[in-house]
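Summary of structural features
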Amino acid sequence: MIRYLCAVVLSCQMSAAAACQTALMLAMDVSNSVDPSEYRLQIDGLAAALADPEIAEILVRDDVMLSVVQWSGEDRQELSIPWTQMRSGLHVAEFAARVRVLERAFVLSETAPAEALRFALRQFRDVPHCARHVIDMSGDGTPNAGGEVSRIRRQAERAGVTVNGLAIEGIGVAITNFYGRQVITRDGFVMTARGHRDYARAIRAKILREISRVMGRLERPAPCPRACAAPTAAPS
């Protein structure tokens with residue numbers, strides 16, 4: 001009987017591990033450079049992306065685990081929505097609805113991506129059964145507080161966590177270049193949003209790329225530089 005129970009438990013653990021293909025953490029910059037209207041554009045854009053039928057179908061198919069982190073200064077990180085598994089369309093719709101009404105965690109705070117990344121890495125202890133661990137980190141500025149970002153990035157690589165970036169640019173590509181050189185892991189990528197009004201388009205494309213699979217493997221995009229910027233047309 002004991003041997004049978006052990007076999008059942010092991011089988012359940014293996015099934016759980018196989019079911020959750022990806023644990024995807026959505027880490028949003030809410031530092032002082034993000035004004036209230038820009039914050040609204042971010043959460044509305046993220047909610048719309050998650051509710052997109054193409055994305056929702058993949059989230060359910062792969063039993064993806066989602067969470068949302070808000071970050072800004074050195075001691076300003078919050079797990080705003082804890083890990084939640086997308087087992088049905090209802091789960092996706094409920095998660096997107098929670099994002100849409102999410103209260104801003106911090107105001108009048110600096111930008112410390114190193115501490116945000118360190119905080120994000122710790123959260124993956126709660127989802128060891130997922131096959132892939134991915135941080136989707138978005139921001140509209142470079143650091144003005146905190147430690148060395150590239151050192152935490154190396155910790156992510158050693159832990160097997162992929163870090164991707166979404167740079168919200170005004171003019172130029174300074175933030176995109178920073179994410180490409182300092183934030184993303186070697187297996188990661190950067191996308192660019194041309195202002196907060198372009199965030200909804202960019203986050204949808206980014207999430208779709210992060211979770212899409214063909215025959216059980218990640219889609220392989222055409223070769224490009226580590227900092228793969230989106231089209232540079234100004235938002236309407």
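What counts, and where the lines are drawn
Residues numbered from 1 in each chain as written. Predicted model: local features only at pLDDT ≥ 70, side-chain atom pairs only at ≥ 80, totals over all residues. Heavy atoms only, no water. Helix = DSSP H or I, 4+ residues; strand = E, 2+ residues; numbered from the N terminus. Pairing = 2+ DSSP bridges. Axes fitted to C-alpha atoms, helices over the stretch in contact; angles between N-to-C directions. Buried < 20%, exposed > 50% of the residue type's maximum accessible area, 1.4 Å probe, protein only. Right-handed = clockwise from strand over helix to strand, strands pointing away. Contact = heavy atoms within 4.5 Å. Polar contact = N/O pair within 3.5 Å; in protein donor to acceptor, adjacent residues only side chain to side chain.

This brings us to unusual backbone geometry. Glycine aside, residues mostly have negative phi, and peptide bonds are mostly found in the trans state. Positive phi values are uncommon outside glycine, yet Asp63 reaches one of about 50°. Take Asp63: it is sitting in the loop between helix H3 (53-61) and strand E2 (65-71).

The strand order across the open sheet formed by six strands is E3-E2-E1-E4-E5-E6, and the pairing between neighbours is mixed. In the strand order of this sheet, the two ends are held by strand E3 (77-85) and strand E6 (190-194), each with one partner. Taking the axes of each pair of neighbouring strands and ignoring which way they run, one obtains an average angle of 15° across the sheet. Pairing analysis gives six bridges linking E2 to E3, with the strands arranged antiparallel. Bridging from a neighbouring strand, Val68 pairs with Ile81 of E3.

Here we come to the pairing of E6. A large share of E6 lies buried, amounting to five of its five residues. Burial along E6 is two-sided: Val190, Thr192 and Arg194 and Met191 and Ala193, pointing in opposite directions, are all buried. Between the parallel elements strand E5 (residues 161-169) and E6, the chain passes through helix H7 (residues 174-183) in a crossover that is right-handed.

Let's shift gears to the environment of Ser31. Note on placement: Ser31 falls in the loop between strand E1 (22-29) and helix H2 (36-51). The buried category is assigned to Ser31, whose relative accessible area is 0%. C-alpha of Ser31 to C-alpha of Val107: the two residues are 76 residues apart in sequence and 6.5 Å apart in space. Setting aside its immediate chain neighbours within four residues, Ser31 contacts Trp71, Ser72, Arg104, Ser109, Glu110, Thr111 and Asp140. Only 2.7 Å separates the side chain of Ser31 from the side chain of Asp29, close enough to count as a polar contact.

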